[in-house]
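Summary of structural features
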Amino acid sequence: MASATVENLIKISREKRLTKPVDAALIQKAFSFSKSAHQGQKRKSGEEYFNHSYQTALQLAEWGLDSNTISAGLLHDVAEDTVNTLDDIKNSFGEEIVFLVNGVTKLGRLKYRGTQRQVENLRKMFLAISEDLRVVLIKLADRLHNMKTLGAVPLQKQKRIALETDEIYAPLAYRLGMQNLAGELEDLSFPYLHPQEYKWLSENVKEKYEERLKYLEKVKIVVNDLLKKINISPAGIDFRAKRYSSLYKKLIRHEMNLEQIYDLVAFRIIVSSIEECYATLGAIHQIWPPLPGKIKDYIALPKPNGYRSLHTTVFCVDNKIVEFQIRTKEMHDEAENGIAAHWAYHDAKEKNVEEKPVFANRKELEWVNQLKNWQEEFLNSGESLEALKIDFFKDRIFAITPKGEVIDLPAGSTPVDFAYSIHSQIGDNCVGAKINNRIVPLDYQIQSGDMVEILIQKNKKPSESWIRFVKTDIAKKRIRSSLKKDHLPGSRERLQTEIKIIAEDRIGLLKDITSIVSRSHINISNVLTAPTSPVLTSIKFRCDTNNKDKVEKVILKLKKIKEIKQIGSKLI
Ligand code: MN
């Protein structure tokens with residue numbers, strides 16, 4: 001590892017930014033500021049705290065980011081973990097850097113604990129509250145270093161952080177076209193998430209892997225001769241082991257049989273042109289017969305994420321099976337770290353409609369496409385990543401509960417909306433709210449990234465004045481109905497519950513739903529279905545019960561039906 005000197009940091013930044021400016025004085029200033037702020041602090045691993053900030057900044061320099069971002073990387077933990085405040089940073093470094101540092105701090109409040117439903121919201125929120133791509137990149141660099149040093153933190157925390165990395169950070173990196181980073185994050189999480197499998201892999205694969213490398217060295221000699229004969233001088237030949245995380249996924253598909261994995265180590269040939277790719281493939285097939293069905297032309301038909309290459313699996317030297325990947329330098333770079341990589345998700349829309357339910361991804365597609373357009377814009381502008389505002393969620397806000405759960409609300413929403421969207425009871429009983437640990441009025445407008453805590457009092461009724469400031473329909477409806485109920489003397493007791501479901505229709509779906517309900521000894525008195533889109537259908541039914549616990553239990557069971565996208569209930 002290079003030493004933690006500012007000279008090294010500036011040198012890397014200059015190398016990666018090529019002709020673009022580097023503000024060495026600024027980086028120097030941030031370096032000294034952070035170093036003295038973290039003076040004497042140690043990380044769990046025992047290393048100087050500052051080294052973490054330095055490694056984060058170094059990664060940002062490697063990615064070719066601007067000096068403000070590198071400085072913010074150096075300062076990213078100063079406000080959280082030292083006596084210095086955001087104001088101190090603002091006074092010394094100005095608005096832009098404090099904005100970046102503050103963004104990283106806000107992202108740090110998000111905690112993911114493995115609720116499947118929350119994943120997508122969390123990824124979205126991540127982008128929404130970042131407001132600027134550079135904040136995301138600082139956080140990714142921060143996380144990468146944290147993952148490299150995760151061994152030193154307590155076991156419970158290791159698991160949570162590894163899970164968060166695997167399910168939030170790695171997919172985000174992937175969507176930002178940073179496939180290499182995504183793979184690295186997955187691989188770093190893997191031993192923490194699947195310790196047994198990791199152990200099995202490292203015990204069983206290592207030998208196979210070394211044996212394989214020795215063998216491929218032999219193959220390499222033959223390949224070099226072969227290419228010489230057809231006048232191709234390869235730009236590179238290498239073999240790289242498959243990442244453990246993806247090897248594991250593949251092994252699951254092959255009953256954990258390592259013999260079935262031919263690309264344990266992929267043999268890569270990098271040549272200078274597409275013509276040479278095909279010529280190389282032909283030459284290989286002339287001496288080694290290919291396995292039927294294993295020739296893949298991803299140049300003519302790139303993978304959905306833009307991956308291009310020729311793949312073939314052949315009976316090679318000593319009749320052993322080897323997979324070859326043949327591509328140009330450009331294709332190789334793109335596959336390795338191309339920010340130019342395209343998003344796999346786009347594909348779901350055009351192809352595989354029958355296999356992949358479109359709706360499952362429709363909402364996601366929307367924002368992924370926005371992200372993609374925005375990325376293309378950025379690539380075409382030839383600009384650097386400076387000041388790339390993320391504003392495609394501007395009509396939504398994402399707030400979090402004290403437990404780190406994400407609540408998605410329309411812009412302008414208040415704590416009352418937040419309370420009602422968690423549970424109607426919490427809305428009704430709401431008496432106050434804390435935002436980021438400070439008491440606020442109930443008409444406060446929540447900002448993305450705010451942590452909202454609702455203060456409640458049992459038997460408290462909603463106030464009529466709330467109607468004036470709430471934004472969500474659900475809050476309005478609940479407040480009105482609660483007030484109406486109060487005004488009606490001896491108001492009718494509610495005896496029935498209406499359950500509303502939005503689902504992808506399929507034959508037998510309704511039957512599955514109703515049989516689950518009946519098995520819970522709930523009587524259905526009325527069913528109403530209506531298609532809401534070509535793929536979705538809405539199902540409403542009334543149950544003869546007002547027992548909330550019973551209804552909640554049945555809803556939990558219904559949620560296991562994978563076609564069900566949304567489910568809600570109300571007393572009627
Ligand atoms: Mn950090």
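Going along each chain's sequence as written, the residues are numbered from 1 onward. Only residues with pLDDT of at least 70 are given local features in this predicted model, and only at 80 or more are side-chain atom pairs given and counted; all residues enter the totals for whole chains, interfaces and linings. Hydrogen atoms and water are omitted, and side-chain values are computed over all heavy atoms in the structure.

Re the overall build of the protein chain
Put simply, DSSP H or I for four residues or longer makes a helix, DSSP E for two residues or longer makes a strand, and each gets a number counted from the N terminus. Within the protein chain, the secondary structure is distributed over 23 helices and 14 strands. Each residue is placed in one exposure class: buried if its accessible area under a 1.4 Å probe, protein chains only, is under 20% of its type's maximum, exposed if it is over 50%, and partly exposed if it falls in between. Looking at the protein chain as a whole, 48% of its 572 residues are labelled buried.

Some points on the coordination of the manganese ion
Here the term donor refers to an N, O or S atom within 2.8 Å of the metal (or 3.2 Å for Na, K and Ca), and because water is left out of the atoms, sites may appear incomplete. Bound to the manganese ion on the protein side are His52 (NE2), His76 (NE2), Asp77 (OD) and Asp142 (OD), at distances that span 2.2 to 2.3 Å. When the donors of the manganese ion are listed by position in the chain, the intervening gaps give H-x23-H-D-x64-D. Of the two residues, histidine 52 is situated in helix α3 (residues 49–62) and aspartate 77 in the loop between α4 (67–75) and α5 (78–81); the sequence distance between them amounts to 25 residues. Residue classification places histidine 52 among the buried residues on the basis of a relative accessible area of 1%.

Topic: a positive patch on the surface
Every patch collects residues that have over 30% relative accessible area and no salt bridge, joining them within 9 Å if they carry like charges and within 5 Å if they are nonpolar side chains (Val, Leu, Ile, Met, Phe, Trp, Tyr). Reported accessibility uses the Shrake-Rupley method at a 1.4 Å probe radius. Residues are deemed covered only where the shown protein chains occlude them. Salt bridge, as used here: a side-chain nitrogen of Lys or Arg that lies within 4 Å of a carboxyl oxygen of Asp or Glu. Charged-residue counts in this description rest on Lys and Arg as positive and Asp and Glu as negative, His and the chain ends being excluded. Positions of charges follow a simple convention, taking NZ of Lys, CZ of Arg, CG of Asp or CD of Glu. A cluster of basic side chains, namely Arg519, Lys553, Lys557 and Lys560, defines a positive patch on the protein surface. Position of lysine 557 among the secondary structure elements: in helix α23 (residues 548–558).

Some thoughts on helix α7 (residues 95–108)
For α7, with 14 residues, the first-to-last C-alpha span of 20 Å sits near the 20 Å given by 1.5 Å per residue. Taken together, the buried positions of α7 are occupied by Ile97, Val98, Leu100, Val101, Gly103, Val104, Thr105, Lys106 and Leu107. What a helix is expected to span follows from its residue count: subtract one and scale by 1.5 Å.

Concerning the sheet that holds strand β3 (residues 296–297)
Taken in spatial order, the five strands line up as β1-β2-β5-β4-β3 in an open sheet, and their pairing is mixed. At either end of the open sheet lies a strand with only one pairing partner, and these are β1 (236–241) and β3. Two strands pair under a simple rule: DSSP has to find at least two bridges between them. Across five bridges, strand β2 (residues 265–271) lies against strand β5 (residues 321–328) in parallel orientation. By the bridge assignment, phenylalanine 267 is partnered in β5 with phenylalanine 324. Should any heavy atoms of two residues lie within 4.5 Å, those residues are considered in contact. Here an axis means a line fitted to C-alpha atoms, over the contact stretch when the element is a helix, while the angle between two N-to-C directions is reported on a 0 to 180 degree scale. Packed onto the sheet, helix α14 (residues 274–287) meets β2, β3, β4 (310–315) and β5 and runs at close to 160 degrees relative to β5.

Just distances and angles here, no functional claims.
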